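Tertiary structure, described
Listed below, chain by chain, are the residues.
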Amino acid sequence: MRVFRARVFTPIADPFTTDSAKSYTYYDDGFLAIDGDRIVGIGDWRDVPRQSSSLTQLGRDIVIAPGFVDTHLHAPQLEMIGSYGGDLLEWLNRYTFPTEAKFRDPVHAAMVARVFFDELLRNGTLCALIFSTIHEEATDIFFAEAERRGFRAIIGKTMMDRNAPDSLLESPRDSYDQSRALLQKWHKRGLLRYAITPRFAPTSTPELLEAAGQLKREFPDAYVHTHISENRNEVQWVHDLFPEAEYADVYDRYGLLDERTVLAHGVYLSEEELELLARRGSRIAHCPNSNLFLGSGLFRLHHTLEAGVAVGLGTDIGAGTTPSMFTTMADAYKVQQVQGISLSPFQLWYLATLGGARALSLGDECGSLEPEKSADFLMLDLKSTPLVALRSERASSVEDLLAGLIFTGDDRVVRECWIGGQMVASRS
């Protein structure tokens, strides 16, 4: 058994439905005990188990916290972060599709995969739901790189057969066959899972959605990962293409909505769509940085949660301009603030950790520091920058400490990343 002594913070319950004081655990002088790949103890240092074989004294300048969970991002779009100008549909055609076409080259895919997982770990993200491209080999490369790093990933090959350049279109049959082969190879292999990934309704014919639905029927424990209601023009486009149904109902008609479905954005969902998603148990990935960058709109977080739909946070690289969950939390705060709602640091940290894990149906495995869960955690350095040090020294409470990290923290705060009891990244 290994024991780490430091400050320790973890969410343990949903602060949107629980009294905030009961939604977290914090020890100013605490310990985390791990045995193999599992957490076996957490508490006040005075109660530390004495049978540990290894003790690491980290001091009060380190906070041990759960790793971040990113519920929506595009691995191939890493290299186009910050591409300027245009709303969603214009931006896809101008930047995204040309960038993704480059992934027919496996050498290029391997290079981006290495940098992609470097960036996630550097920023403290230990679990992510990830779009690949339509390319089977590139998707295989992303999976292999995640496995090599010991990263907890859910990845899917993009399925797309219309309204995109010819170089990125595939037949429904090929899309089904290649997705199925990848699913059979990677789903539930170690820490990896597979997501059936139609890009979104406008790039999907009914035949492609039927192929995705067939995969879901064959593999009901696979995930479904797609987009919904990000932009007003997109919503109208879906209405024009599928006049018989609302956006969410398009996916539902092909059996693609259940508790393992994660839909990115959901900015313009109707009351009927929210009710449908709640009934099916589907989840929303809220991507505030991306929504601001593309001018898509302001997500109604409380309204969505009150409708019974679970929500996690996503960076949405590359419309999102950073893989940092600190920035994502800060932007989530600002998006609600301009709507007259103030999110607490406990609520923000929950969305970025345990809430995200629950949105990915992984809440029993990761997202918080609790006995029997996987030993997935971060060591956060309160002296990482002069500003973080100054702000942390002045913090009047754990709530204030967390707020300071959200609004002044960046990748330099993350000293070490551990997944399954193994250190997978270190700033030193």
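The structure this text deals with has already been given above.
Anyway, here's the lowdown on the structure attached to this text. Keep in mind the model is a prediction, meaning the values are calculated, not measured. (Residues numbered from 1 in each chain as written. Predicted model: local features only at pLDDT ≥ 70, side-chain atom pairs only at ≥ 80, totals over all residues. Heavy atoms only, no water.)

**A short note on the overall build of the protein**
Scanning the protein from N- to C-terminus turns up 15 helices and 16 strands. At 21 Å, the protein has a C-alpha radius of gyration in line with the 22 Å of a compact globule built from 428 residues. Its C-alpha atoms put the protein at 65 × 45 × 40 Å along the principal axes. Classification of the 428 residues of the protein by burial places 61% in the buried group. Restricting to contacts in the protein with at least 6 residues of sequence separation, those with at least 24 account for 74%. The average position of the 43 basic charges and that of the 59 acidic charges among the side chains of the protein differ by 5 Å. (Helix = DSSP H or I, 4+ residues; strand = E, 2+ residues; numbered from the N terminus. Rg over C-alpha atoms; globule rule 2.2 N^0.38 Å. Buried < 20%, exposed > 50% of the residue type's maximum accessible area, 1.4 Å probe, protein only. Contact = heavy atoms within 4.5 Å. Lys, Arg positive; Asp, Glu negative; His and termini not counted. Charge placed at Lys NZ, Arg CZ, Asp CG, Glu CD.)

**A look at helix α14 (residues 386-393)**
Among the residues of α14, Val388, Ala389 and Ser392 are the ones counted as buried. For α14, the buried positions fall inside an angular range of 100 degrees around the axis, keeping them on one side. (Arc of directions from axis to C-beta.)

**Some remarks on the layout of surface pockets**
Think of a ball as big as a water molecule: rolled over the atoms, this probe shows where empty space is left. Reported here for the largest pocket is a volume of approximately 210 Å³. Around the largest pocket, the lining comprises 15 residues; the ones closest to its centre are Asp14, Phe16, Thr17, Leu305 and Val309. Sorting the residues of the lining of the largest pocket by element identifies α10 (301-306) and α13 (354-359) as the ones contributing at least two each. Here the lining of the largest pocket is built from residues that sort into seven nonpolar, four polar and four charged. (1 Å grid on protein atoms, 1.4 Å probe; cavity = no way out; pocket = protein on both sides within 12 Å on 5 of 7 lines; lining within 4 Å. Points joined across faces, edges and corners; volume = space filled by probe spheres on them. Nonpolar A, V, L, I, M, F, W, Y, C, P; charged D, E, K, R; others polar.)

**Comments concerning the pairing of strand β7 (residues 152-156)**
With five of its five residues buried, β7 lies for the most part within the structure. The alternating pattern of β7 places Arg152, Ile154 and Gly156 on one face and Ala153 and Ile155 on the opposite face, and all of these are buried. Handedness of the crossover joining strand β6 (residues 125-131) and β7 through helix α3 (residues 136-149): right-handed. Two strands pair when backbone bridges link them, and β7 and strand β9 (residues 192-198) are joined in this way by three bridges, in the parallel orientation. Its bridge partner lying in β9, Ile154 is registered against Arg193. (Right-handed = clockwise from strand over helix to strand, strands pointing away. Pairing = 2+ DSSP bridges.)

**With respect to the nonpolar core**
Counting 108 residues, the largest nonpolar core has Ile130, Phe151, Tyr251, Ile284, Met329, Trp349 and Leu380 as the members making the most contacts within it. Looking at this core, the element that brings in the most residues is helix α2 (residues 106-122), giving seven residues. Residues in contact with Trp349, not counting those within four places in the same chain, are Phe9, Pro11, Ala65, Phe68, Phe326, Met329, Leu380, Leu402, Leu405 and Ile406. Membership of the second largest hydrophobic core comes to 15 residues, among which are Ile64, Leu369, Phe377 and Met379. (Core = buried A, V, L, I, M, F, W, Y, C linked by side-chain atoms within 4.5 Å.)

**Considering the sheet that holds strand β14 (residues 377-381)**
Taken in spatial order, the seven strands line up as β3-β2-β1-β4-β14-β15-β16 in an open sheet, and their pairing is mixed. Each end of this open sheet is capped by a strand with a single partner; those strands are β3 (38-44) and β16 (422-426). Across the sheet, the mean angle separating the axes of adjacent strands is 35 degrees when strand polarity is ignored. Here four bridges tie strand β15 (residues 414-419) to β16, and the two strands are oriented antiparallel to one another. (Axes fitted to C-alpha atoms, helices over the stretch in contact; angles between N-to-C directions.)

**Thoughts on unusual backbone geometry**
At the junction of Ile317 and Gly318, the peptide bond is cis and its omega measures out at 5 degrees in the coordinates. Looking at where Gly318 falls in the secondary structure, it is placed in the loop between β13 (311-313) and α11 (325-337).

**Thoughts on the environment of Asp61**
For Asp61, the location among the structural elements is in strand β4 (residues 54-66). Looking at Asp61, the relative accessible area reads 36%, which means it is partly exposed. In the structure, Asp61 is positioned 322 residues away from Lys383 in sequence and 6.4 Å away in space, judged by C-alpha atoms. Those residues in contact with Asp61 that lie beyond four places of it in its chain are Leu380, Asp381, Leu382 and Lys383.

**A word on the packing of aromatic side chains**
Per the counting criterion, the structure on display carries 19 aromatic pairs. When the centroid spacing of 6.3 Å and the interplanar angle of 70 degrees are considered together, the rings of Phe116 and Phe142 count as edge-to-face. Of this pair, Phe116 sits in helix α2 while Phe142 is found in helix α3, placing the two residues 26 residues apart along the sequence. The pair Phe116 / Phe142 is uniform in exposure class, with both members buried. Grouped by ring-pair contacts, the aromatic residues Phe9, Tyr24, Phe68, Phe326, Phe346 and Trp349 constitute a single cluster. One Lys or Arg, Arg260, reaches over the ring of Tyr223 and ends 5.1 Å from the middle of that ring. (Phe/Tyr/Trp six-rings, centres within 6.5 Å; stacked < 30°, edge-to-face > 60°. Lys NZ or Arg CZ within 6 Å of the ring centre and 35° of its normal.)

**What about the pairing of β15?**
Across the six residues that make up β15, a large majority, five, are buried. Direction of pairing for β14 relative to β15: antiparallel, over a ladder of four bridges. Following the sheet pairing, Met379 is matched in β15 by Glu416. The antiparallel hairpin formed by β15 and β16 contains two residues in its connecting segment, where Gly420 sits at a positive phi of about 60 degrees.

**Some thoughts on the packing of α11 against helix α12 (residues 345-352)**
Contact geometry of α11 with α12 gives a least axis separation of 10 Å together with a crossing angle of 130 degrees. Of the possible angle classes, the one that applies to α11 and α12 is oblique. The element α11 and its partner α12 pack so that their crossing is right-handed. Contact residues: α11 offers Met325, Phe326, Met329, Ala332 and Tyr333, while α12 offers Leu348, Trp349 and Ala352. Tallied by class, residues from the contact of α11 with α12 come to eight nonpolar, no polar and no charged. (Parallel < 35°, antiparallel > 145°, perpendicular 65-115°, else oblique. Left-handed = near helix turned anticlockwise from the far one by under 90°.)

**Section: the side chain of Gln347**
By the secondary structure assignment, Gln347 is in helix α12. The class of Gln347 is buried, set by a relative accessible area of 12%. A distance of 2.9 Å separates the side chain of Gln347 from the backbone nitrogen of Ser344, its partner in a polar contact. (Polar contact = N/O pair within 3.5 Å; in protein donor to acceptor, adjacent residues only side chain to side chain.)

Note that all results are geometric; they support no functional claim without further evidence.
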